[in-house]
Every structure is written in C-alpha cells, then in structure tokens.
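Fold and contact review
Single-letter residue listing:
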Amino acid sequence: MPPGREPLLEVDNVTLRFGGVVALDQVDFTLYKGEILGLIGPNGAGKTTCFNAMTGIYQPTEGEIRFRGQRIVGKKRHVITQMGMARTFQNIRLFPEMTAMENVQVGADAHHKTSVLSALFRLPRHWREERDGREKAERLLEFVGISHRIHEYARNLSYGEQRRLEIARALATDPVLLCLDEPAAGFNPAEKEELLQLIRKIRDQGITVLLIEHDMRLVMGVTDRIVVLEFGKKIAEGLPAEVREDHRVVAAYLGVPDDAA
Ligand SMILES: Nc1ncnc2c1ncn2[C@@H]1O[C@H](COP(=O)(O)OP(=O)(O)OP(=O)(O)O)[C@@H](O)[C@H]1O
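The name that an unreviewed UniProt entry assigns to the protein chain is ABC transporter ATP-binding protein, with the source organism given as Micromonospora sonneratiae.

Notes on the pairing of strand 2 (residues 21-32)
Pairing of strand 1 (residues 7-18) with strand 2, which is carried by eight bridges, proceeds in the antiparallel orientation. Each residue of the ladder has a partner; that of Arg17, found in strand 2, is Val22. A loop of two residues connects strand 1 with strand 2, the two strands running antiparallel in sequence, and Gly19 in this loop sits at a positive phi of about 55°.

Structural notes on the layout of surface pockets
As a volume, the largest pocket reaches approximately 540 Å³. Considering the residues around the largest pocket, the lining is formed by 21 residues, among which Thr81, Arg87, Phe89, Arg169 and Thr173 are closest to the centre. Put simply, the parts of the chain that give the lining of the largest pocket at least two residues each are helix 2 (77-83), strand 6 (85-87), helix 3 (100-108) and helix 6 (159-171). Sorting elements by how many residues they give to the lining of the largest pocket places helix 2 first, with four residues. Taken together, the residues of the lining of the largest pocket sort by class into ten nonpolar, six polar and five charged. Counting residues domain by domain, the lining of the largest pocket receives three or more from each of domain 1 (1-84 + 175-261) and domain 2 (94-174). Its volume calculated, the second largest pocket comes out at about 190 Å³.

Thoughts on the sheet that holds strand 6
Within the open sheet, the six strands sit side by side as 6-7-8-3-9-10. Their pairing is mixed. At either end of the open sheet lies a strand with only one pairing partner, and these are strand 6 and strand 10 (233-238). For this sheet the average axis-to-axis angle between neighbouring strands, irrespective of direction, equals 15°. Here strand 3 (residues 36-40) pairs with strand 9 (residues 225-230) via four bridges, running parallel.

Details of the site of the ligand
Taken together, 15 residues sit near the ligand, with Gly44, Gly46, Lys47, Thr48 and Thr49 positioned nearest. Between the ligand and the protein, one listed contact pairs an oxygen atom with a backbone N or O atom of Ala45 at 3.0 Å. Within the side chain of Tyr58, a nitrogen or oxygen atom sits 3.2 Å from a nitrogen atom of the ligand. Protein burial of the ligand: of its 640 Å² of free accessible surface, 64% is covered by the chains. Broken down by secondary-structure element, the contributors of at least two residues to the shell around the ligand are strand 2 and helix 1 (47-54). Here the element with the most residues in the shell around the ligand is helix 1; it accounts for three residues. For the shell around the ligand, the class distribution of residues is six nonpolar, seven polar and two charged.

Concerning the packing of aromatic side chains
By the definition in use, this model includes two aromatic pairs. Ring geometry for Phe18 against Tyr58: centres 5.1 Å apart, planes inclined by 80°, an arrangement best described as edge-to-face. Here the residue Phe18 occupies a position in strand 1, and Tyr58 occupies one in the loop between helix 1 and strand 4 (62-67), the gap between them amounting to 40 residues. Ring geometry for Tyr159 versus Phe187: centroids 6.2 Å apart, planes at 85°, classification edge-to-face. Here Tyr159, found in helix 6, pairs with Phe187, found in the loop between strand 7 (177-181) and helix 7 (189-204); they are 28 residues apart in sequence, far enough to count as distant. We classify Phe187 as buried; its relative accessible area is 9%. Residue placement shows Lys201 over the ring face of Phe143; its charged tip is 4.5 Å from the ring centre.

Cut-offs and rules
- Residues numbered from 1 in each chain as written.
- Predicted model: local features only at pLDDT ≥ 70, side-chain atom pairs only at ≥ 80, totals over all residues.
- Heavy atoms only, no water.
- Pairing = 2+ DSSP bridges.
- Helix = DSSP H or I, 4+ residues; strand = E, 2+ residues; numbered from the N terminus.
- 1 Å grid on protein atoms, 1.4 Å probe; cavity = no way out; pocket = protein on both sides within 12 Å on 5 of 7 lines; lining within 4 Å.
- Points joined across faces, edges and corners; volume = space filled by probe spheres on them.
- Nonpolar A, V, L, I, M, F, W, Y, C, P; charged D, E, K, R; others polar.
- Domains from an automatic or database assignment.
- Axes fitted to C-alpha atoms, helices over the stretch in contact; angles between N-to-C directions.
- Near = heavy atom within 4 Å.
- Polar contact = N/O pair within 3.5 Å; in protein donor to acceptor, adjacent residues only side chain to side chain.
- Areas by Shrake-Rupley, 256 points an atom, 1.4 Å probe, with all protein chains shown as cover.
- Phe/Tyr/Trp six-rings, centres within 6.5 Å; stacked < 30°, edge-to-face > 60°.
- Buried < 20%, exposed > 50% of the residue type's maximum accessible area, 1.4 Å probe, protein only.
- Lys NZ or Arg CZ within 6 Å of the ring centre and 35° of its normal.

What follows is the structure, given as structure tokens:
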C-alpha cells in the first residue's frame, strides 16, 4: 500500500460468472481515499459488471469486496448507498416526469429520518427535512452547473444536462465514493472538457471517484491511477503514463496479439 494512503474500497479476488461467461476473473484492486481511479477496458471487459458487484446489484461468485473496511457482498443496494457509495448508470436513469429538483430530492431521501407517520401528520421534523432537501438540491444543481433548469422536467433537459442531473442526484446521497459509468458517453469535446472539470471539483470536495470511461484522453487527463480489464481479467494497473505504455493495454485496445504489440 502506498505510504499514508487509506484503502476505501478493496476488490479482493472477485470472480463473477453468468452461466458459462466469466465476466470477472479473480479481479483484485484497491481504491484509496481521495483518488480518482479509472476502470478501463475494451467492450465486454467486465467494467459495468464490476460496478454492479460493488453496488449490490450482482453477487460475486467468489471473492470479497470491502468498503470502509466492511464486507459488502450480500448487502442490499440501499444499505451500500447509506454506507456512502453512489453511482450513475451507463444509460441515464432519471425520473422523466419529475423536475430536476425533485430528481435530486429523491437522492437526498436516502438519508431522511422522517417516518411515514411524521410525513402524514406533517410534523416539524418532516418540514425541516423538506426544507433542507430543497436547499440541498439547489446547492447541488448549482454545483453541477444546471441551476437554471431547476424546475424543468428531466425529460426536457438536454442530454448533457441529464447526465449532470444524474451526478447531482448521486451526490445528494452524500457519498464518500462516487462511481461514474461512462459519464461522457455521447459528449462533444467541449462537454467532455467541462465534465473533466466537474470530476476534479467533486474530488476537491473530498469525494473519491471511480470512473469507467472509453475516452482515453479524458481518462488520462483526470485519473490518478488506472486499472485495466480485458475479458474479465485485470491486465494492468498503474499511473496513466505507465498504463498508456503497457504493451498488454496497447494490444487490448488495438486488437493485436500480445506478443506483436
Ligand atoms: N446480466 C448478464 N447476463 C449474462 N452475461 C452478462 C450479463 N451482464 C454482462 N454479461 C457479460 O459479461 C461480460 C462483461 O460485460 P460488462 O457489461 O461488464 O462489460 P463492460 O466492460 O462494461 O463493457 P462495455 O464497455 O461494452 O459496457 C460480457 O461478456 C457480457 O456479455
């Protein structure tokens, strides 16, 4: 372990099979507090499956995943969210008939303490949480740069704004780890540059970031370290400059045989 660095997420020898398909094959890596780690690899390499195993959607066939020192395999999704892990999805999953603000408030609800009874009887605690939730949503929409769209239905937002809204909603759960699954998919170069700034701003708030991304320029420009998967196996791990020169990575991306790379 690098000196002075505290592990936040430990993926320990994780294998995940779908019938005969080995989507993850003894994958091993550690994410340290405060870093931006890139998880890259060609299509079908197992990146999303890895996110799904970390966030409680899939159960690994073998291996362990620890978050903040606690085992998370077998824990329910909402429990993992409450422990401080949030994610966005490759395909945007917003509530299209709700406003931007309401979508973010749904994220904030993950931590609300109000019971159904106090909501029904509109007790003071319920009002307080409502007001705090609204203020928090306003702050987060401002933070991701779409505060001018606060009362707009999610379905009316542009594609780029919807991606930002997803990030705001994930941030509303007060994560210590934010996992972004291809957040720049479909973005033009200017939007990618803005996203890069936003990811840095998120890290500057003390949030650790795990990023799945296909755009190499973006990955190389924003991450501190990179883990590379191919056919479910980890084939490389290191600093962006090291990974870029790694012959197995070059071969995986260019589709040339390993010994020819
Ligand atoms: N629910 C599932 N059932 C069966 N096979 C699956 C399932 N989910 C993923 N797979 C398979 O697992 C492998 C890894 O897929 P995964 O989606 O994790 O890759 P990826 O690296 O995220 O790819 P992409 O960059 O295309 O999103 C692929 O062979 C895929 O077909």
